[in-house]
Amino acid sequence: MSRLIEDVEADRELKSKHKAMWSMGDYPAVAAEVIPATGPRLVEACGVHAGQRVLDVGAGSGNAAIPAALTGAQVVASDLAPELLEVGRRSAEAQGAALEWQEADAEALPYADGEFDVVMSCVGVMFAPHHQAAADELVRVCCPGGTIGLLSWTPEGFIGQMFATMKPYAPPPPPGAQPPPLWGDESHVRSLLGDRVTDVVARKEMLTVDRFASPVEMREFFKLTYGPTIAVYRNIADDPAKVEALDRDLADLAGRHFAPTEPTMGWEYLLLTAVRQG
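Source: prediction; values computed, not measured.

1. As for the pattern of salt bridges
Under the criterion given, the structure shown has 22 salt bridges. In this structure, R140 engages D113 in a salt bridge whose closest nitrogen and oxygen atoms are separated by 2.8 Å. Of this pair, R140 sits in helix α6 (residues 131-140) while D113 sits in the loop between β3 (100-103) and β4 (116-122), and the two are 27 residues apart along the sequence. With a shortest N-O distance of 3.0 Å, D247 and K223 are connected by a salt bridge.

2. Section: the packing of helix α9 (residues 215-225) against helix α11 (residues 240-257)
Helix-helix packing: each pair is described by the crossing angle between the helix axes and the interaxial distance. Relative orientation of the contacting elements α9 and α11 amounts to 125°, with a least axis distance of 8 Å. When the axes of α9 and α11 are compared, the pair comes out oblique. Seen from above, α9 lies across α11 with right-handed handedness. Residue-level contacts link P215, M218, R219 and K223 of α9 to D247, R248, L250, A251, A254 and G255 of α11. Its residues assigned to classes, the contact of α9 with α11 shows five nonpolar, one polar and four charged.

3. Digging into the side chain of D79
Within the secondary structure, D79 sits in strand β2 (residues 74-79). For D79, the side chain forms a polar contact with the main-chain nitrogen of G60, separated by 2.8 Å. When sequence neighbours within four positions are dropped, the list of residues in contact with D79 reads G58, A59, G60, L84, L85, Q102, E103 and A104.

4. So, the environment of G58
Turning to its location among the elements, G58 is positioned in the loop between β1 (53-57) and α4 (65-69). Once you skip the residues sitting within four places of it in the chain, G58 turns out to touch S78, D79, C122 and G124.

5. A few points about the packing of aromatic side chains
Throughout the structure, instances matching the rule amount to 14 aromatic pairs. Plain terms: the ring middles of W22 and Y27 are 5.4 Å apart, the flat faces sit at 85° to each other, and that makes the pair edge-to-face. Exposure class is identical for W22 and Y27. Each is buried. Both rings, one in Y27 and one in Y226, keep their centres 6.2 Å apart while their planes meet at 40°; by these two values the pair is tilted. Highlighted residues: Y27 in helix α2 (residues 27-33) and Y226 in the loop between α9 and α10 (227-235), separated in sequence by 199 residues. Judged by its relative accessible area of 11%, Y27 falls in the buried class. Since its relative accessible area comes to 3%, Y226 is described here as buried. Members of the aromatic cluster, connected to one another through ring pairs, are W22, Y27, F127, W153, F158, F163, F212, F221, F222, Y226 and W267. Positioned above the aromatic ring of Y233, the side-chain terminus of K223 is 4.5 Å from the ring centre.

Rules behind the numbers
Residues numbered from 1 in each chain as written. Predicted model: local features only at pLDDT ≥ 70, side-chain atom pairs only at ≥ 80, totals over all residues. Heavy atoms only, no water. Salt bridge = Lys/Arg side-chain N within 4 Å of Asp/Glu carboxyl O. Helix = DSSP H or I, 4+ residues; strand = E, 2+ residues; numbered from the N terminus. Axes fitted to C-alpha atoms, helices over the stretch in contact; angles between N-to-C directions. Parallel < 35°, antiparallel > 145°, perpendicular 65-115°, else oblique. Left-handed = near helix turned anticlockwise from the far one by under 90°. Contact = heavy atoms within 4.5 Å. Nonpolar A, V, L, I, M, F, W, Y, C, P; charged D, E, K, R; others polar. Polar contact = N/O pair within 3.5 Å; in protein donor to acceptor, adjacent residues only side chain to side chain. Phe/Tyr/Trp six-rings, centres within 6.5 Å; stacked < 30°, edge-to-face > 60°. Buried < 20%, exposed > 50% of the residue type's maximum accessible area, 1.4 Å probe, protein only. Lys NZ or Arg CZ within 6 Å of the ring centre and 35° of its normal.

Listed below in structure tokens is the structure:
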């Protein structure tokens, strides 16, 4: 029993750290200024339409949930970080979108079995530390014949490589936690969902990012706004040599992903949809 209590406490502490990390900086600025096209793309791929009951897991500030609601669907946007949901609520009101906003853990969703016609996540559920637990919940709350849709950064793409670049400067991950970009590996996601889904369609696509004029501008923007990047820099804040090295490594990485003739970047993601087996 004591071991069980220790595991529960460790998980609670881990989730608290995740919630705090995503509340750092200004992730809604990333969603709105850098990757706004990803949400509508996922909504389109899932075929969301009026009358459907839709759950967006790891919804953040509503990058996918708001476009889904604007189709006339009944949408619930769930996320671990209430600060992000509050920003999303205000954004939805400004756009005339009506939807529900609920704080929820992707690994323990507070919804009934088969409650939703579409269960989707746009670069959200991939950051839940225990991949199988999160995948099991996606499947559980989706109705038979319903759609599961995921848009995730690939390990080989810019964001996946950014996490690989930051890893030597970050504190060691807690036991059992898996790297987020694995959700951008088709075989990994297929193994997580297993034979509980059918009609899997997976394709790698490229997001064109034109927000930054230079690699240094991109790095500085992420240092100010992106929770995972902020957390890594805080981890090495007392070591100027490491800060300088990470500054250089991130600028070099960004430079390799800039187009040769114009200030645009290409960020690869995996778009995967599947149908829940009856």
